[in-house]
Amino acid sequence: MLALAALVSGCSDGEGVRPAPGQQVLKAPQARALYSYAAKLRLAQARRAAAAKRWGLARTPLTAPPAPARKPVIRARDGFEVDEQEELDLPPVFTTIPTKNKVVFLTIDDGEEKDPKFLRMMSDLKIPYTAFLSNYLVKDDYPYFRKMRDRGVTLNNHTLHHLYLPGLSYAEQRHEICGMQSVMKKQFGKRPTVFRPPYGNYNQDTLRAAKSCGIKYAPIWDEEVFVDHWEYREDDQDLHPGDIVLTHFRGRNDWKGAMPDMVRRFMKKVTDEGYAVARLEDYL
Ligand SMILES: [Zn+2]
């Protein structure tokens, strides 16, 4: 994108090396395409600035770089692997995506609060996020999450009943995880490949059960954002490139605010620190 922008400005300021006469004809249509691409980018940014203002954001969100051409290799975070993690090729548990891009990923769990305003806000601002759904909280309103899916959000597995999985047998864990795969397929048309264990608690049985029904990744999180504060996993109490941020579908019953208030708090820190929000699936 930067290279294109540089090319465009190089064309418009009349400086630099002039193309050889024979090249002029070939380059003209390409230059026009670049002009219109740059115009589109400017328009998209202006729309985003207007949306940010409408939704009361302190600053316009930064735009994430394009999805990486080559996906990063994702392994279990050190200390987060289970016995025979590699030998059994179990889904890795990780908190950060290996990338040098200044991006973070927003993941939203459970599904209790179904705030229509939140759906509009995220579409308007074009902030990507990924949802991890637990059936006992979403089953009273599947259509809300279908709307979310239709707006481009990936819906992932967060089990049937949100139990403490390490306290269950392999068969019980398999029921919790694989049972949710079937619900997701029936209600949303797709079996997810991404699963998050409730509370971030798991053992080897969890990952074996998850793998047995098509799960490839088990991301947890490096930061958690609430409506009124942040919590950090690392000692430096800060964001890092590729960090996965957790929050929840919660509203005024649990929080001193609504989901849009949480988004404003999230975006304030992310933008102030120079990060953009990227799509998790672009890196998996
Ligand atoms: Zn949860």
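Residues numbered from 1 in each chain as written. Predicted model: local features only at pLDDT ≥ 70, side-chain atom pairs only at ≥ 80, totals over all residues.

Under an unreviewed UniProt entry, the protein chain has the name NodB homology domain-containing protein and belongs to Streptomyces albiflavescens.

Enquirer: Can you walk me through the overall build of the protein chain in this structure?
Expert: Check the secondary structure of the protein chain and you find 8 helices and 9 strands. Principal axes of the C-alpha set define a box for the protein chain whose edges measure 75 × 45 × 40 Å. Here the protein chain holds 284 residues, and 30% of them are scored as buried. (Helix = DSSP H or I, 4+ residues; strand = E, 2+ residues; numbered from the N terminus. Buried ≥ 20, exposed ≤ 12 C-beta atoms within 10 Å, placed from the backbone.)

Enquirer: Would you take a moment to explain the confidence of the model for the protein chain for this structure?
Expert: Regions with low pLDDT should not have their predicted coordinates read in detail. Predicted confidence across the protein chain gives a mean pLDDT of 92, with 90% of residues reaching 70 or more. Every residue in residues 1-16 scores below 50 in pLDDT, and together they form 10 contacts with partners more than four places removed in sequence or on other chains. (pLDDT = per-residue confidence, 0-100. Contact = placed C-beta atoms within 7 Å.)

Enquirer: Please clarify how the UniProt feature "domain: NodB homology" (unreviewed entry) in the protein chain should be interpreted in this entry.
Expert: When the UniProt feature table is mapped onto this chain numbering, "domain: NodB homology" (unreviewed entry) sits at residues 102-284. The span residues 102-284 is 36% helical and 17% strand by assignment, and the distance between its end C-alpha atoms comes to 17 Å. (UniProt positions renumbered as here; feature names shortened; annotations may be inferred.)

Enquirer: Looking at this structure, I do not really get the packing of helix α6 (residues 170-188) against helix α7 (residues 204-212). What am I missing?
Expert: Where α6 meets α7, the axes come as close as 9 Å, and the angle between the chain directions of the two elements is 45 degrees. Looking at the two axes, α6 sits oblique to α7. Considering only the axes of α6 and α7, their crossing is right-handed. Counted together, Tyr170, Gln173, Arg174, Ile177 and Cys178 of α6 and Asp205, Thr206, Ala209, Ala210 and Ser212 of α7 form the full contact between these two elements. Looking at the contact of α6 with α7 residue by residue, the classes come out as 5 nonpolar, 3 polar and 2 charged. (Axes fitted to C-alpha atoms, helices over the stretch in contact; angles between N-to-C directions. Parallel < 35°, antiparallel > 145°, perpendicular 65-115°, else oblique. Left-handed = near helix turned anticlockwise from the far one by under 90°. Nonpolar A, V, L, I, M, F, W, Y, C, P; charged D, E, K, R; others polar.)

Enquirer: Quick question: what am I supposed to make of the environment of glycine 179 here?
Expert: With respect to the helices and strands, the residue glycine 179 is situated in helix α6. Once the C-alpha coordinates of glycine 179 and cysteine 213 are considered, the two residues, 34 residues apart in sequence, prove to be 9.2 Å apart.

Enquirer: Could you clarify how one ought to interpret the nonpolar core in this entry?
Expert: Generally speaking, a soluble globular protein has its nonpolar side chains buried in company with each other. With 55 residues, the main nonpolar core has Val104, Phe105, Leu106, Ala131, Val245, Phe266 and Val277 as its most contacted residues. Excluding residues within four positions of it along the chain, valine 104 makes contact with Leu239, Asp243, Val245, Val270, Tyr275 and Val277. (Core = buried A, V, L, I, M, F, W, Y, C linked by C-beta atoms within 7 Å.)

Enquirer: Looking at this model, I keep getting lost on α7. Mind explaining?
Expert: Because the α-helix completes a turn every 3.6 residues, residues three or four places apart line up on one side. Of all the positions in α7, only Thr206, Leu207, Ala209 and Ala210 are classed as buried. Across the axial projection of α7, the buried residues extend over an arc of 160 degrees, all falling on one side. Its buried side turned inward, α7 meets α6 and β5 (218-219). Backbone geometry just downstream of α7 places glycine 214 in the positive-phi region, at approximately 95 degrees. (Arc of directions from axis to C-beta.)

Enquirer: Which parts of the structure should I look at to understand the pairing of strand β8 (residues 244-248)?
Expert: It is a general feature of regular strands that their side chains alternate between the two faces of the sheet. With respect to burial, β8 is a largely interior element, 5 of its 5 residues being buried. Note that strand β6 (residues 223-225) and β8 share 2 bridges and pair parallel. Paired with glutamate 223 across the bridge in β8 is valine 245. (Pairing = 2+ DSSP bridges.)

Enquirer: Sorry, what's going on with the pairing of strand β3 (residues 130-133) here?
Expert: Burial along β3 is two-sided: the residues Thr130 and Phe132 and Ala131 and Leu133 are all buried. Pairing geometry for strand β2 (residues 103-110) and β3, over 4 bridges, is parallel. Looking at the pairing, threonine 107 lines up with threonine 130 of β3. Taking the sense of rotation as the criterion, the β-α-β connection linking β2, helix α3 (residues 116-125) and β3 turns out right-handed. The pairing of β3 with strand β4 (residues 154-157) spans 4 bridges and is classified as parallel. Bridge pairing links phenylalanine 132 to asparagine 156 in β4. (Right-handed = clockwise from strand over helix to strand, strands pointing away.)

Enquirer: What exactly am I supposed to notice about the packing of α3 against helix α8 (residues 259-272) here?
Expert: The relative placement of two packed helices comes down to the angle between their axes together with the axis-to-axis distance. Between α3 and α8, the least distance of the axes is 8 Å, while the angle of their chain directions is 35 degrees. Residues Lys117, Phe118 and Met121 of α3 form the contact with α8, whose participating residues are Met259, Pro260 and Val263.

Enquirer: How should I be thinking about unusual backbone geometry in this particular structure?
Expert: Glycine aside, the phi torsion of most residues is negative, and most peptide linkages are trans. Located in the positive-phi region is lysine 126, a residue other than glycine, with phi close to 55 degrees. With respect to the element layout, lysine 126 can be found in the loop between α3 and β3. Take lysine 126: there are 15 C-beta atoms within 10 Å of it, and that puts it in the partly exposed class. One non-glycine residue, histidine 162, adopts positive backbone phi at about 55 degrees. Along the chain, histidine 162 turns up in the loop between β4 and α6.

Enquirer: Can you help me understand the environment of asparagine 203 in this one?
Expert: Within the secondary structure, asparagine 203 sits in the loop between α6 and α7. Note on asparagine 203: 17 C-beta atoms within 10 Å, which makes it partly exposed. Distance from asparagine 203 to glycine 167, taken between C-alpha atoms, is 9.4 Å for residues 36 residues apart in sequence. In this structure, asparagine 203 is in contact with Val82 and Pro166, ignoring residues within four places of it in sequence.

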